[in-house]
Amino acid sequence: MSIVDLVLDTGFFAAAVRLAIPLLFGTLSELTAERSGVLNLGIEGMMLSGALAGFGTASATGSLWLGVLAAIAIGMTIGAVMAVLVVNLRLDQTVTGLGVSLAATGLVFYSYRLGFGESSTPPSITPFSTIPLPFLSDIPVIGQVFFNQYALTYVAYLLVPALAFFLYRTPAGLSLRTVGENPQAAAAAGIDPIRARILALVVAGGLAGLAGAYLNLAAFGSFTFGIVSGRGWICLALVVLGRWNPIACAAAAVLFGAVDAFQLRLQASGAVDLPYQLFLALPYAATLVAMILNAKRAVGPAALMQPYDAEHR
Amino acid sequence: MRLVARPNRNSPLRDAMMPVAAVAASLLICAVLILLAGANPLTAFGIMAKAAFWGKFALTETLARAAPLILSGLAALVALRTRFWNIGGEGQIIVGAMAAAWVGALTSLPTPLLIPFMLIGAALAGAALAAVPASLKTRLGVDEVVSTLMLNFIVMYLMQALLSGPWKDPVTGWTNSPSILRAAEFPVFWKGTRLHLGVLVAFLAVGVVGVIMKRTTLGLSMKIVGENPRAARHAGLDVTRVTLAAALLSGALAGLAGAGEIGGIQFQVIASISSGYGYAGIVVAMLARLSAAGIIPAALFIAAITTGADEMSRQTGVPFFIADAMQGICLIAVLVAMTLSRYQIRFRTSPERRATP
């Protein structure tokens, strides 16, 4: 089997979309935070918390949708904590975000052990099944790739134009972007930058939690300690690649879903006799290369990483 | 809610007490977590303290575990002082360890040169890896937060690929690198313990970094670049070179941490050669308030948490992950404490809100 054959069927593209969706939710989350001027390094911890909250709730109640809600709620809560730290207290965004991710990771592993013990067979749930959309799924090729997916995937499809519309076509979106570019000017125009950034972080948290929930409620069906393993960090890079634009970010996420699907196929096919870890490194290496190629054109919000102090103008 | 600057902003006593307050606050939060696990927090902390400090074995183990944390903390300190966001400590420790393991297994090298070359090789490897995000940042403007994070994963998987490929034991199939030569194992200062040369290297490095930061032009330039790059440029400083120098120094220190783990503890590369030391270094550096002298107590504290949590988990059944949670909570607590030592919090609506109708 040649490498070209690996990617030339609808199964591959459907897998690419499936793997892209958590990255897409995560990227839109990071985009929302960064557009308000906050770099959210807590995203890795938020995604992991969402994954455990979703899985724990779903296995306790038997309802996958309650799991999704719990994941969104825990993400929003951590987003609010992050907001108090970096917006109200004006702590350094990089180190604080890292601290939030470290603390959340430790707490998630701790709670998992408390809740599920140390069993040798990890508990699992029956994940969401795919729902073929009427008519749309009958389109040759495209139908099976894009329209025979999970309900959450369709939510993600709708979220991309919705966020783009919000950012570029509504007054609130303009306010958010202004706060990210120049919070002093925004304040002079009657916008409260503090409030805008808090809201952005809470929404970003909810989206990151949703990304985590997707990983085990739709993609894997069980919780493992490595379930997120750097996907949050990849979203940080995807925002740069997508140049802080929702549509371009979605394209970047799909591209990286494809890279991920490709490495899985390559691993499974045995077409290349190399240690499988080399393939696992592929998405990260591709991210780095893409960032280098894109470096000159990527210019983020001007006030990114700058705390806003109402008293200093 | 808003922050108001305290009238006397420079209070050395308050500054010194701040990490203590942060640690106390995190212990309190962890006490709640331990209660949730159904154990008595006081008993649990007692077991931790005893396991970390009581007796020759406990104490030397904590010191040995503090060594990579000291070096990784210094690496973070140098980078953060210069505002070069090196979150790549993890990857730099791993390449340092791989370099040390490779040099340490060379039979062609004269025996007395083995250990010095392991240290030099590890420092060079760490510095070389750190040079990548540093030059990407200074040349192309690639954000180093993301690039260092990506490199951590790339290096980790490359190491695992080596371990399950060329380095795999052909007989047993174990995924550990070949052991280093007997002569390459670091000397131990106290028989029967793991108090090895790498611990001494770590303590010496504290002195060296302290002198560099306080007494040299380079150290001063790094501080200026970190506090205000625009002013640094106006003052005629070569910001690019200072950033590169800081990154190289930071990477070299992290690389040395890897060498210590190979020469003094593991004697071969194993998949978990650096289980989070790179990230823990940032916690150590912040707990030390970015001062070299503070690195030692901060690293000892984090080392004590991990050695103590092992034993405490065995005895009480409280999950070991309390140690991970504690590191993150400590990091946040110390950042909050740092702000609170300079500002007061006032809870009321901000002035401009009252001004707008």
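Reading guide: rules and limits
- Residues numbered from 1 in each chain as written.
- Chains lettered and ligands numbered in written order.
- Predicted model: local features only at pLDDT ≥ 70, side-chain atom pairs only at ≥ 80, totals over all residues.
- Heavy atoms only, no water.
- Helix = DSSP H or I, 4+ residues; strand = E, 2+ residues; numbered from the N terminus.
- Expected span 1.5 Å × (residues − 1).
- Bend = angle between axes of the 7 residues up to and from the residue.
- Buried < 20%, exposed > 50% of the residue type's maximum accessible area, 1.4 Å probe, protein only.
- Polar contact = N/O pair within 3.5 Å; in protein donor to acceptor, adjacent residues only side chain to side chain.
- pLDDT = per-residue confidence, 0-100.
- Contact = heavy atoms within 4.5 Å.
- Buried area = accessible area lost by both parts, 1.4 Å probe.
- Salt bridge = Lys/Arg side-chain N within 4 Å of Asp/Glu carboxyl O.
- Phe/Tyr/Trp six-rings, centres within 6.5 Å; stacked < 30°, edge-to-face > 60°.
- Lys NZ or Arg CZ within 6 Å of the ring centre and 35° of its normal.
- Core = buried A, V, L, I, M, F, W, Y, C linked by side-chain atoms within 4.5 Å.
- Axes fitted to C-alpha atoms, helices over the stretch in contact; angles between N-to-C directions.
- Parallel < 35°, antiparallel > 145°, perpendicular 65-115°, else oblique.
- Left-handed = near helix turned anticlockwise from the far one by under 90°.
- Nonpolar A, V, L, I, M, F, W, Y, C, P; charged D, E, K, R; others polar.

Student: I'd like a description of helix α10 (residues 193-220) of chain A, backed by residues and values.
Tutor: Residues and elements named next belong to chain A. Between its terminal C-alpha atoms α10 stretches 39 Å, which fits the 40 Å expected from 28 residues at 1.5 Å a residue. Residue tyrosine 214 marks the point of greatest curvature in α10, where the axis turns by about 35 degrees. For α10, the tally of buried residues reaches 21 of 28 residues, placing the bulk of the element in the interior. Measuring from the backbone nitrogen of isoleucine 194 back to the side-chain oxygen at the start of α10 gives 3.1 Å, which picks out aspartate 192 as the cap. Backbone geometry just after α10 places glycine 221 at a positive phi near 80 degrees.

Student: Hey, could you go over the confidence of the model for chain A for me, with residue numbers and the actual values?
Tutor: Chain-level statistics for chain A give a pLDDT mean of 90 and a share of 96% at 70 or above. By mean pLDDT, the top-scoring element of chain A is helix α4 (residues 64-88) of chain A (96), and the lowest-scoring one is helix α1 (residues 3-7) of chain A (68).

Student: Outline the interface of chain B and chain A, listing residues and values.
Tutor: Counting residues at the interface gives 52 residues for chain B and 48 residues for chain A. When chain B packs against chain A, close to 4,400 Å² is buried across both sides, 79% of that on carbon and sulfur atoms. For chain B, the biggest contributors to the area lost against chain A are Met150(B), Tyr157(B) and Phe321(B); these three give 15% of the whole. Run the count over chain B and chain A and you get one salt bridge. The salt bridge involving Arg83(B) is made with Asp92(A); its shortest N-O contact spans 3.8 Å. Joining chain B to chain A, the criterion identifies two residue pairs in polar contact (both at pLDDT 80 or more). Within the residue set of the side of chain B that touches chain A, elements represented by two or more residues are β1 (2-5), α1 (12-36), α5 (111-140), α6 (144-164), α11 (277-287), α13 (322-340), β2 (343-346) and α14 (351-355) of chain B.

Student: Pulling in residues and values, what's your account of the packing of aromatic side chains?
Tutor: In this structure the tally under the stated criterion is 20 aromatic pairs over all chains. Here Phe12(A) and Phe13(A) contribute two aromatic rings whose centre-to-centre distance is 5.2 Å and whose plane-to-plane angle is 75 degrees, an arrangement assigned as edge-to-face. Assessed through its relative accessible area of 38%, Phe13(A) is described here as partly exposed. Ring centres 4.2 Å apart and planes at 20 degrees place the aromatic pair Phe109(A) and Phe225(A) in the stacked group. With Phe109(A) in helix α5 (residues 93-116) and Phe225(A) in the loop between α10 and α11 (231-241), the pair connects residues that are 116 residues apart, well separated along the chain. Judged by its relative accessible area of 12%, Phe109(A) falls in the buried class. Connected via pairs of aromatic rings, a cluster forms that spans Phe55(A), Phe109(A), Tyr112(A), Phe116(A), Phe223(A), Phe225(A), Phe320(B) and Phe321(B). Taking the ring centre of Tyr343(B) as reference, the NZ or CZ of Arg90(A) above it sits at 5.4 Å.

Student: Please provide a residue-by-residue account of the environment of Ile302(B), values included.
Tutor: Residues and elements named next belong to chain B. Tracing the chain through its elements places isoleucine 302 in helix α12 (residues 292-316). On a C-alpha basis, the gap between isoleucine 302 and leucine 69 in space is 7.9 Å, while along the polypeptide they are 233 residues apart. Those residues within four positions of isoleucine 302 in sequence are excluded, and the remaining contacts are Leu69, Val283, Val284, Leu287 and Gln327.

Student: Which residues make up α11(B), and what values do they have?
Tutor: Residues and elements named next belong to chain B. Where burial is concerned, most of α11 is hidden: 11 out of the 11 residues are buried. What α11 keeps buried is the set Tyr277, Gly278, Tyr279, Ala280, Gly281, Ile282, Val283, Val284, Ala285, Met286 and Leu287. Immediately beyond the C-terminal end of α11, within one or two residues, lies arginine 289, with a positive phi of roughly 50 degrees.

Student: Let's hear about the nonpolar core: which residues, and what values?
Tutor: With 208 residues, the main nonpolar core has Phe223(A), Ile34(B), Ile262(B) and Met286(B) as its most contacted residues. At 13 residues, the largest contribution of residues to this core is made by α13(B). Among residues more than four places away in sequence, those in contact with Phe223(A) are Leu48(A), Ala51(A), Leu52(A), Phe55(A), Val108(A), Tyr112(A), Pro123(A) and Asn216(A). Among the nonpolar cores identified, the runner-up in size contains five residues, and Ala15(A), Ala16(A), Leu19(A) and Ala261(A) belong to it.

Student: So what's going on with the pattern of salt bridges? Residues and values would help.
Tutor: Here the structure, examined in full by the defined rule, presents eight salt bridges over all chains. Residue Asp260(A) pairs with Arg231(A) through a salt bridge whose shortest N-O separation is 3.7 Å. With Asp260(A) in helix α12 (residues 246-269) and Arg231(A) in helix α11, the pair connects residues that are 29 residues apart, well separated along the chain. In this pair, the class of Asp260(A) matches that of Arg231(A), namely buried. Across the pair Glu61(B) and Arg194(B) runs a salt bridge, and its minimum N-O distance is 3.0 Å. Of the two residues, Glu61(B) sits in helix α3 (residues 56-81) while Arg194(B) sits in the loop between α6 and α7 (197-215), which places them 133 residues apart along the sequence. Glu61(B) gets classed as buried once you look at its relative accessible area, which sits at 13%.

Student: Let's hear about the packing of α11(A) against α6(B): which residues, and what values?
Tutor: Two elements in contact, α11(A) and α6(B), have axes separated by 10 Å at closest approach and are oriented at 140 degrees. Taken together, the axes of α11(A) and α6(B) lie oblique to each other. Helix-helix and strand crossings are classified by hand; for α11(A) and α6(B) the assignment is left-handed. Residues Trp233(A), Ile234(A), Leu236(A) and Ala237(A) of α11(A) form the contact with α6(B), whose own contacting residues are Val146(B), Leu149(B), Met150(B) and Phe153(B). Classifying every residue of the contact of α11(A) with α6(B) by side-chain character gives eight nonpolar, no polar and no charged.

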